[in-house]
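# A structural walkthrough
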Amino acid sequence: MTAERWMRFYPSDWLGDPALRTCSYAARGLWMDMLCLMDAAKPRGHLKLGRQKVDAQTLATLTNGTPRLVEKLLAELQKAGVFSVNSRGTIYSRKMVREEKWSKKGKKMSAARWSQGAETKEEFGTSNARSMTPESRVHNKQESCRSRLGAARAKRHHQPDHDPPDFSNDPVNPSEALLCTRIVKH
(Lines give C-alpha, C1' and ligand atoms only; values in the text may rest on other atoms or scores of the structure.)
Protein backbone atom coordinates (compact mmCIF):
# COMPACT_ATOMS: atom_id res chain seq x y z
CA MET A 1 0.00 0.00 0.00
CA THR A 2 1.27 3.47 -0.85
CA ALA A 3 1.15 6.56 1.31
CA GLU A 4 -1.23 8.19 -1.17
CA ARG A 5 -3.95 5.58 -0.61
CA TRP A 6 -7.02 6.78 1.23
CA MET A 7 -10.52 5.49 1.88
CA ARG A 8 -13.78 7.38 1.77
CA PHE A 9 -15.46 7.49 5.15
CA TYR A 10 -18.82 9.10 5.74
CA PRO A 11 -19.49 9.66 9.46
CA SER A 12 -23.19 10.16 8.73
CA ASP A 13 -23.36 6.65 7.22
CA TRP A 14 -21.43 5.18 10.14
CA LEU A 15 -23.64 6.84 12.75
CA GLY A 16 -26.85 6.54 10.76
CA ASP A 17 -26.77 2.82 9.89
CA PRO A 18 -29.41 1.24 12.18
CA ALA A 19 -28.05 -2.28 11.65
CA LEU A 20 -24.60 -1.22 12.77
CA ARG A 21 -25.95 0.85 15.68
CA THR A 22 -27.53 -2.28 17.20
CA CYS A 23 -24.10 -3.93 17.47
CA SER A 24 -21.76 -3.67 20.44
CA TYR A 25 -18.71 -1.42 20.61
CA ALA A 26 -16.44 -4.41 20.06
CA ALA A 27 -18.37 -5.55 16.97
CA ARG A 28 -18.28 -2.05 15.47
CA GLY A 29 -14.53 -1.85 16.12
CA LEU A 30 -14.02 -5.21 14.40
CA TRP A 31 -16.14 -4.01 11.48
CA MET A 32 -13.95 -0.91 11.10
CA ASP A 33 -10.82 -3.10 11.02
CA MET A 34 -12.54 -5.33 8.47
CA LEU A 35 -13.40 -2.29 6.32
CA CYS A 36 -9.75 -1.26 6.32
CA LEU A 37 -8.70 -4.76 5.28
CA MET A 38 -11.41 -4.90 2.58
CA ASP A 39 -10.31 -1.54 1.19
CA ALA A 40 -6.82 -2.90 0.58
CA ALA A 41 -8.06 -6.25 -0.79
CA LYS A 42 -8.47 -7.32 -4.40
CA PRO A 43 -11.24 -7.24 -5.38
CA ARG A 44 -11.92 -4.17 -3.26
CA GLY A 45 -14.68 -4.64 -0.70
CA HIS A 46 -14.05 -8.37 -0.15
CA LEU A 47 -12.38 -9.69 3.01
CA LYS A 48 -9.43 -11.45 1.38
CA LEU A 49 -5.69 -11.71 1.80
CA GLY A 50 -4.26 -12.28 -1.64
CA ARG A 51 -6.43 -14.97 -3.18
CA GLN A 52 -7.55 -16.51 0.11
CA LYS A 53 -10.68 -15.54 2.02
CA VAL A 54 -10.06 -14.52 5.62
CA ASP A 55 -11.40 -16.92 8.26
CA ALA A 56 -12.03 -16.13 11.94
CA GLN A 57 -8.57 -17.41 13.00
CA THR A 58 -6.76 -15.19 10.48
CA LEU A 59 -9.00 -12.22 11.28
CA ALA A 60 -8.26 -12.68 14.98
CA THR A 61 -4.53 -12.61 14.23
CA LEU A 62 -4.87 -9.51 12.05
CA THR A 63 -6.96 -7.62 14.64
CA ASN A 64 -5.13 -8.79 17.77
CA GLY A 65 -8.15 -10.69 19.10
CA THR A 66 -8.94 -14.22 20.08
CA PRO A 67 -10.57 -16.53 17.53
CA ARG A 68 -13.44 -17.21 19.91
CA LEU A 69 -14.21 -13.51 20.40
CA VAL A 70 -13.89 -12.79 16.67
CA GLU A 71 -16.32 -15.62 15.85
CA LYS A 72 -18.80 -14.19 18.38
CA LEU A 73 -18.47 -10.66 16.97
CA LEU A 74 -18.76 -11.89 13.38
CA ALA A 75 -21.97 -13.71 14.30
CA GLU A 76 -23.29 -10.49 15.88
CA LEU A 77 -22.45 -8.44 12.76
CA GLN A 78 -23.95 -11.06 10.44
CA LYS A 79 -27.13 -11.32 12.51
CA ALA A 80 -27.53 -7.53 12.28
CA GLY A 81 -27.02 -7.69 8.49
CA VAL A 82 -23.97 -5.42 8.49
CA PHE A 83 -22.08 -7.44 5.87
CA SER A 84 -22.94 -9.96 3.18
CA VAL A 85 -21.39 -13.31 2.29
CA ASN A 86 -21.03 -14.42 -1.33
CA SER A 87 -21.56 -17.96 -2.67
CA ARG A 88 -17.90 -18.84 -1.96
CA GLY A 89 -18.25 -17.82 1.70
CA THR A 90 -16.26 -14.58 1.40
CA ILE A 91 -17.42 -11.66 3.52
CA TYR A 92 -17.90 -8.41 1.62
CA SER A 93 -19.11 -4.86 2.16
CA ARG A 94 -22.07 -4.09 -0.09
CA LYS A 95 -21.30 -0.38 -0.08
CA MET A 96 -17.61 -0.82 -0.99
CA VAL A 97 -18.46 -3.19 -3.83
CA ARG A 98 -21.07 -0.73 -5.13
CA GLU A 99 -18.62 2.21 -4.89
CA GLU A 100 -15.95 0.21 -6.72
CA LYS A 101 -18.41 -0.60 -9.49
CA TRP A 102 -19.30 3.11 -9.83
CA SER A 103 -15.62 4.05 -9.78
CA LYS A 104 -14.77 1.63 -12.59
CA LYS A 105 -17.73 2.85 -14.62
CA GLY A 106 -16.64 6.47 -14.09
CA LYS A 107 -13.06 5.70 -15.11
CA LYS A 108 -14.32 3.94 -18.23
CA MET A 109 -16.57 6.88 -19.15
CA SER A 110 -13.76 9.36 -18.51
CA ALA A 111 -11.32 7.38 -20.64
CA ALA A 112 -13.86 7.23 -23.45
CA ARG A 113 -14.50 10.97 -23.23
CA TRP A 114 -10.80 11.86 -23.29
CA SER A 115 -9.90 9.38 -26.00
CA GLN A 116 -12.73 10.74 -28.14
CA GLY A 117 -11.14 14.21 -28.02
CA ALA A 118 -7.75 12.77 -28.98
CA GLU A 119 -9.24 10.92 -31.95
CA THR A 120 -10.83 14.13 -33.21
CA LYS A 121 -7.51 16.00 -32.98
CA GLU A 122 -5.69 13.20 -34.79
CA GLU A 123 -8.39 13.08 -37.46
CA PHE A 124 -7.90 16.74 -38.35
CA GLY A 125 -4.16 16.69 -37.76
CA THR A 126 -4.17 19.57 -35.30
CA SER A 127 -6.20 21.15 -32.54
CA ASN A 128 -8.21 24.31 -33.18
CA ALA A 129 -5.87 26.47 -31.08
CA ARG A 130 -2.82 25.56 -33.16
CA SER A 131 -4.55 26.34 -36.46
CA MET A 132 -5.30 29.93 -35.45
CA THR A 133 -2.91 32.69 -36.45
CA PRO A 134 -1.62 35.11 -33.79
CA GLU A 135 -3.70 37.93 -35.33
CA SER A 136 -6.92 35.95 -35.15
CA ARG A 137 -6.21 34.97 -31.54
CA VAL A 138 -5.89 38.63 -30.54
CA HIS A 139 -9.05 39.56 -32.47
CA ASN A 140 -11.05 36.70 -30.90
CA LYS A 141 -9.79 37.61 -27.44
CA GLN A 142 -10.86 41.26 -27.87
CA GLU A 143 -14.32 40.23 -29.13
CA SER A 144 -14.74 37.83 -26.23
CA CYS A 145 -13.69 40.48 -23.73
CA ARG A 146 -16.08 43.04 -25.23
CA SER A 147 -19.02 40.66 -25.17
CA ARG A 148 -18.38 39.70 -21.54
CA LEU A 149 -18.00 43.34 -20.54
CA GLY A 150 -21.20 44.29 -22.34
CA ALA A 151 -23.10 41.44 -20.67
CA ALA A 152 -21.83 42.47 -17.24
CA ARG A 153 -22.88 46.10 -17.79
CA ALA A 154 -26.29 45.07 -19.00
CA LYS A 155 -26.73 42.89 -15.93
CA ARG A 156 -25.71 45.71 -13.57
CA HIS A 157 -27.90 48.33 -15.22
CA HIS A 158 -30.82 46.14 -16.10
CA GLN A 159 -33.50 48.05 -17.98
CA PRO A 160 -36.85 46.31 -18.02
CA ASP A 161 -38.36 45.60 -21.42
CA HIS A 162 -41.53 47.45 -20.46
CA ASP A 163 -42.47 50.19 -18.01
CA PRO A 164 -43.77 49.12 -14.62
CA PRO A 165 -47.51 49.61 -14.07
CA ASP A 166 -48.53 53.10 -12.88
CA PHE A 167 -51.03 53.10 -10.02
CA SER A 168 -50.79 56.84 -9.22
CA ASN A 169 -54.20 57.71 -10.70
CA ASP A 170 -56.11 54.89 -8.99
CA PRO A 171 -58.47 55.91 -6.16
CA VAL A 172 -57.31 55.06 -2.66
CA ASN A 173 -59.75 53.26 -0.39
CA PRO A 174 -58.33 53.39 3.14
CA SER A 175 -58.85 50.36 5.34
CA GLU A 176 -60.60 50.41 8.74
CA ALA A 177 -57.25 50.14 10.51
CA LEU A 178 -55.87 53.11 8.59
CA LEU A 179 -58.95 55.21 9.36
CA CYS A 180 -58.63 54.50 13.10
CA THR A 181 -54.92 55.35 13.23
CA ARG A 182 -54.03 58.70 14.80
CA ILE A 183 -51.48 60.74 12.90
CA VAL A 184 -49.06 62.46 15.24
CA LYS A 185 -46.95 65.37 14.07
CA HIS A 186 -43.59 65.93 15.73
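Note that residues are indexed from 1 along each chain, following the sequence as it is written. Given that this is a predicted model, residues contribute local features only at a pLDDT of at least 70 and side-chain atom pairs are listed and counted only at 80 or more, while totals for whole chains, interfaces and linings are drawn from all residues. Side-chain measures here rest on the full set of heavy atoms in the structure, leaving out hydrogens and waters.

Across its full length, the protein holds 9 helices and 4 strands. Secondary structure counts use DSSP, requiring at least four H or I residues in a row for a helix and at least two E residues in a row for a strand, with both numbered from the N terminus. If you list the helices and strands of the protein from N to C, you get α-α-α-β-β-α-α-β-β-α-α-α-α. Three labels apply to residues, based on accessible area from a 1.4 Å probe with only protein chains included: buried if under 20% of the type maximum, exposed if over 50%, partly exposed otherwise in between. Here the protein holds 186 residues, and 18% of them are scored as buried. Any two residues whose heavy atoms approach within 4.5 Å at even a single point are treated as in contact. Contacts spanning at least 24 positions in sequence make up 55% of the contacts within the protein whose residues lie at least 6 apart. What sets the accessible areas is the Shrake-Rupley method with a 1.4 Å probe; for residues, cover comes only from the shown protein chains. Put simply, the protein shows about 15,500 Å² of open surface, and 56% of that area lies on carbon and sulfur atoms.

Moving on: the packing of aromatic side chains. Only Phe, Tyr and Trp rings take part, Trp by its six-membered ring, and two of them pair if their centres are within 6.5 Å. Stacked means planes under 30 degrees apart, edge-to-face means over 60, and tilted covers everything else. This model, assessed by the stated rule, comprises 2 aromatic pairs. Centre to centre, the rings of F9 and W14 are 6.0 Å apart; their planes meet at 50°, and the pair counts as tilted. Using a relative accessible area of 41% as the deciding quantity, one classes F9 as partly exposed. Seen from their ring centres, W31 and F83 are 6.0 Å apart, and the 20° between their planes marks the pair as stacked. Pair noted here: W31 is in helix 3 (residues 25-40) and F83 is in the loop between helix 5 (67-80) and strand 3 (84-85), with a separation of 52 residues, a long-range link. Both residues of the pair, W31 and F83, belong to the buried class.

With that out of the way, let us pick up the nonpolar core. Here the nonpolar core consists of buried residues drawn from Ala, Val, Leu, Ile, Met, Phe, Trp, Tyr and Cys, with membership extended through side-chain atoms lying within 4.5 Å. With 22 residues, the main nonpolar core has L30, W31, M34, L59, L74 and L77 as its most contacted residues. Put simply, the parts of the chain that give this core at least two residues each are helix 3, helix 4 (56-62) and helix 5. Looking at this core element by element, the count peaks at 6 residues for helix 3. Residue contacts for L30: discarding those within four places in its chain leaves L59, T63, V70, L73, L74 and L77.

With that settled, consider helix 3. A helix is expected to span 1.5 Å for every residue after the first. Look at helix 3: 23 Å from first C-alpha to last across 16 residues, which is about the 22 Å you get at 1.5 Å a residue. Looking at helix 3, one finds that the buried residues are A27, R28, L30, W31, M34, L35, M38 and D39.

Turning our eyes to something else, we now look at the side chain of R28. Take R28: it is sitting in helix 3. Buried charged residue R28 carries no salt bridge. Nearest counter-charge: E76, at 7.5 Å. Counted charges follow a simple rule, with Lys and Arg positive, Asp and Glu negative, and His plus the chain ends left uncounted. By definition here, a salt bridge exists when the distance from a side-chain nitrogen of Lys or Arg to a carboxyl oxygen of Asp or Glu is within 4 Å.

Considering the arrangement of structural elements, one finds A27 in helix 3. When its relative accessible area of 0% is taken as the criterion, A27 is described as buried. When the C-alpha atoms of A27 and L77 are compared, they prove to be 6.5 Å apart, with 50 residues separating the residues in sequence. Non-local contacts of A27, meaning those with residues more than four positions away in its chain, are made with L73, E76 and L77.

With that out of the way, let us pick up the packing of helix 3 against helix 5. Between helix 3 and helix 5, the shortest axis-to-axis distance is 9 Å and the interhelical angle comes to 90°. By the criterion of interaxial angle, the relationship of helix 3 to helix 5 is roughly perpendicular. Contact residues: helix 3 offers A26, A27, L30, W31 and M34, while helix 5 offers V70, L73, L74, E76 and L77. Of the residues belonging to the contact of helix 3 with helix 5, the class tally is 9 nonpolar, no polar and 1 charged. Helix axes use the C-alpha atoms of the stretch in contact, all axes being lines fitted to C-alpha atoms, and the angles between their N-to-C directions lie in the range 0 to 180 degrees. For classification, angles of less than 35 degrees are called roughly parallel, those exceeding 145 degrees roughly antiparallel, those between 65 and 115 degrees roughly perpendicular, and all remaining angles oblique. Put simply, Ala, Val, Leu, Ile, Met, Phe, Trp, Tyr, Cys and Pro go in the nonpolar bin, Asp, Glu, Lys and Arg in the charged bin, and everything else, Gly too, in the polar bin.

The residue after K42, namely P43, is reached through a cis peptide bond having omega 0°. Of note in the backbone geometry, N64 takes a positive phi value of approximately 60° without being a glycine. Secondary-structure assignment places N64 in the loop between helix 4 and helix 5. With a relative accessible area of 73%, N64 lands in the exposed category.

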